[in-house]
Amino acid sequence: MSSEQDAIDVILTQWRRERPDLDLSAMGVFARLAQVSRLVETEVERVFRRHGLRPGEFDVLAALRRSGPPYTLIPSELSEVLMMSRAGMTNRVDRLEAAGLVERSLDPADRRSFRVSLTEQGREVIDATLTEHAAGLARLAAKLGEQEADTLNSILRGMLRA
């Protein structure tokens, strides 16, 4: 294996020898995307775990934090923003409330509903976690120049839209 080749190149070379009738170019792209995804997941989970969060809990806290002051949303807004069911959202909010990171209060506009708000502790946790999370992702992307990162973002955005 040359210094420019990786294990995926070796696998593709083997498959091209055995199955020259197939176009395997996409296989390399998606195998590398899968490896990058696993690398990112490992980094993300490590950061979240250090701050006492599960990925879904981070998502709830992040949605509340980026909503701006007063860092409050109703459950249906949280479900919509996070693209998940209300039942799944309830479980996450229950855990976060028990940890003191969010609080529920009745919605004055609709007494049948309630609001979910970041507590001061929740804001501190999400800010610290996000700071470390962003730094970790920046380290992983450090090999990319700004133009390469923009190009990769554009390509991946197009793939996801397709």
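Residues numbered from 1 in each chain as written. Predicted model: local features only at pLDDT ≥ 70, side-chain atom pairs only at ≥ 80, totals over all residues. Heavy atoms only, no water.

**Let's talk about the pairing of strand β2 (residues 102–107)**
- Relative to strand β3 (residues 110–118), β2 runs antiparallel, the two being bridged by 6 bridges. Bridged to D107 within β3 is D110.
- As consecutive antiparallel partners, β2 and β3 are separated by 2 residues. (Pairing = 2+ DSSP bridges. Helix = DSSP H or I, 4+ residues; strand = E, 2+ residues; numbered from the N terminus.)

**A short note on the packing of helix α3 (residues 55–66) against helix α4 (residues 75–82)**
- Contact pair α3 / α4: the axes reach a minimum separation of 10 Å and the direction vectors enclose 110°. Judged on the interaxial angle alone, α4 and α3 are roughly perpendicular. Along the contact surface, α3 presents D59, V60, A63, L64 and R66, while α4 presents L78, V81 and L82. (Axes fitted to C-alpha atoms, helices over the stretch in contact; angles between N-to-C directions. Parallel < 35°, antiparallel > 145°, perpendicular 65-115°, else oblique. Contact = heavy atoms within 4.5 Å.)

**Focus on unusual backbone geometry**
- Cis rather than trans, the peptide bond between P69 and P70 has omega equal to 10°.
- Backbone geometry at Y71 places phi at a positive 55°, although glycine is not the residue there.
- By secondary structure assignment, the location of Y71 is in the loop between α3 and β1 (72–73).
- One non-glycine residue, M83, lies in the positive phi region at around 50°.
- Structurally, the position occupied by M83 is in the loop between α4 and α5 (86–98).

**Regarding a nonpolar patch on the surface**
- Side chains of V29, F30, L33, I155 and M159 sit close together on the surface and give an oily, nonpolar patch of about 410 Å² of accessible area.
- Elements with a contribution of two residues or more to the nonpolar patch: α2 (25–50) and α7 (146–161).
- Per element, the largest residue contribution to the nonpolar patch is 3 residues, and it comes from α2.
- Mapped onto the elements of the fold, V29 is located in helix α2. (Patch = residues over 30% accessible without salt bridge, like charges linked within 9 Å, V, L, I, M, F, W, Y side chains within 5 Å. Areas by Shrake-Rupley, 256 points an atom, 1.4 Å probe, with all protein chains shown as cover. Salt bridge = Lys/Arg side-chain N within 4 Å of Asp/Glu carboxyl O.)

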